[in-house]
Amino acid sequence: MKPLFVGFLLFLSSFAFSQEENARPEILSIYHGLDPLPPRATRLCGLPPAANQDGMPVIFSVQIDGTTISPEAFAVELSTGERVTPLCATLRPALEPLEQRTILLIGEFSPGDSLPAGVEIVSELNDSDANSLLGLSSNQVTSLESGPSLVLAELFAPDTPGLAGKCPEQSSQAIQLVWQGGVTGPQGADLLEPQRLAVSIELSNGIYVHPDTLVDDDPDNHVIACISASSEPISVIVEAGFFHDPGDDANPATEIDVVSRISEGK
């Protein structure tokens, strides 16, 4: 191979890596999940119970510095063109070390016949590396009647801090599934065998497997799929109708590529 061509390939590889490293953080999902929320939901922000509030998880491509979160950092645009400030903004309940990218917004986002139409970051909000997220916005809001889809599938070693002890001993890999909103079985039931069998994982050797188990020990939008297969997971496919949000809306068929976090150590 000619030296100039080799050098060109190295340049392209370096450029692609640089582009990935410097990728601008983004809002991955805005999910109008529940209207109205139970009044006690505002206790997640240390506030007294409040009626007539909507719940809207916003998921970012980066983890968030929780000390910089405030309701005033967010402007929610309504279908009427009005912009409202949430009553509450919190990482709760997705607080575990490998989570912390889902901010739950609580507020009156659908007064009358209006609906939430977008979210913009309008004051200080930083990611976990102290990068400012000011100016980020999205008008892609998943409607109230839609069920939750997958937003991320992240591959970790089962002994990664934050996951250690969650998967069975025979598990060789753990995939953290990030949904648009909190998920359970129908009517708030635990995730059981029907949900496990609804999840298929494509491996690099061309084989599809179901998780050995699904770990779901807290009421947030993260589920851990534990597998004993040694080949690298490539994608996750979930059949429609098995994972329900807090409003009992079931998921559509959803599929997403797996992103490895093993080399990053986080």
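One can find the structure itself at the top, above this paragraph.
Chemist: A description of the overall build of the protein chain should follow, citing residues and the corresponding values.
Modeler: Within the protein chain, the secondary structure is distributed over 2 helices and 18 strands. Here the C-alpha radius of gyration of the protein chain, 20 Å, is about what a compact globule of 266 residues would show, namely 18 Å. The proportion of buried residues among the 266 residues of the protein chain is 45%. Intrachain contacts of the protein chain at a sequence separation of at least 6 include 68% that bridge at least 24 residues.

Chemist: Break down the nonpolar core for me, with residues and values.
Modeler: With 23 residues, the main nonpolar core has Phe-60, Ile-64, Phe-74, Ile-103, Leu-105 and Leu-125 as its most contacted residues. Of all the secondary structure elements, the ones that give two or more residues to this core are strand S1 (27–31), strand S2 (54–60), strand S3 (74–78), strand S6 (102–107) and strand S7 (116–121). Beyond its immediate sequence surroundings of up to four residues, Ile-103 is in contact with Met-56, Pro-57, Val-58, Phe-60, Ile-64, Ile-69, Phe-74, Ala-89, Thr-90, Leu-91 and Leu-125. If you look at the next biggest cluster of nonpolar residues, it comprises 21 residues, including Leu-191, Leu-214, Phe-243 and Val-258.

Chemist: Before we move on, could you go through the environment of Ala-73 and cite the residues and values that matter?
Modeler: With respect to the secondary-structure elements, Ala-73 resides in the loop between S2 and S3. Distance from Ala-73 to Leu-134, taken between C-alpha atoms, is 8.2 Å for residues 61 residues apart in sequence. With sequence-adjacent residues up to four places away left out, Ala-73 is seen in contact with Glu-120, Ile-121, Val-122, Ser-123, Glu-124 and Leu-125.

Chemist: Describe the layout of surface pockets, listing the residues and the values that go with them.
Modeler: If you add up the space inside the second largest pocket, you get close to 630 Å³. Lining of the second largest pocket is provided by 29 residues; of these, Leu-37, Pro-93, Leu-104, Pro-219 and Pro-246 occupy positions nearest its centre. Listed by contribution, the elements that provide at least two residues to the lining of the second largest pocket are S2 and S6.

Thresholds applied
- Residues numbered from 1 in each chain as written.
- Predicted model: local features only at pLDDT ≥ 70, side-chain atom pairs only at ≥ 80, totals over all residues.
- Heavy atoms only, no water.
- Helix = DSSP H or I, 4+ residues; strand = E, 2+ residues; numbered from the N terminus.
- Rg over C-alpha atoms; globule rule 2.2 N^0.38 Å.
- Buried < 20%, exposed > 50% of the residue type's maximum accessible area, 1.4 Å probe, protein only.
- Contact = heavy atoms within 4.5 Å.
- Core = buried A, V, L, I, M, F, W, Y, C linked by side-chain atoms within 4.5 Å.
- 1 Å grid on protein atoms, 1.4 Å probe; cavity = no way out; pocket = protein on both sides within 12 Å on 5 of 7 lines; lining within 4 Å.
- Points joined across faces, edges and corners; volume = space filled by probe spheres on them.

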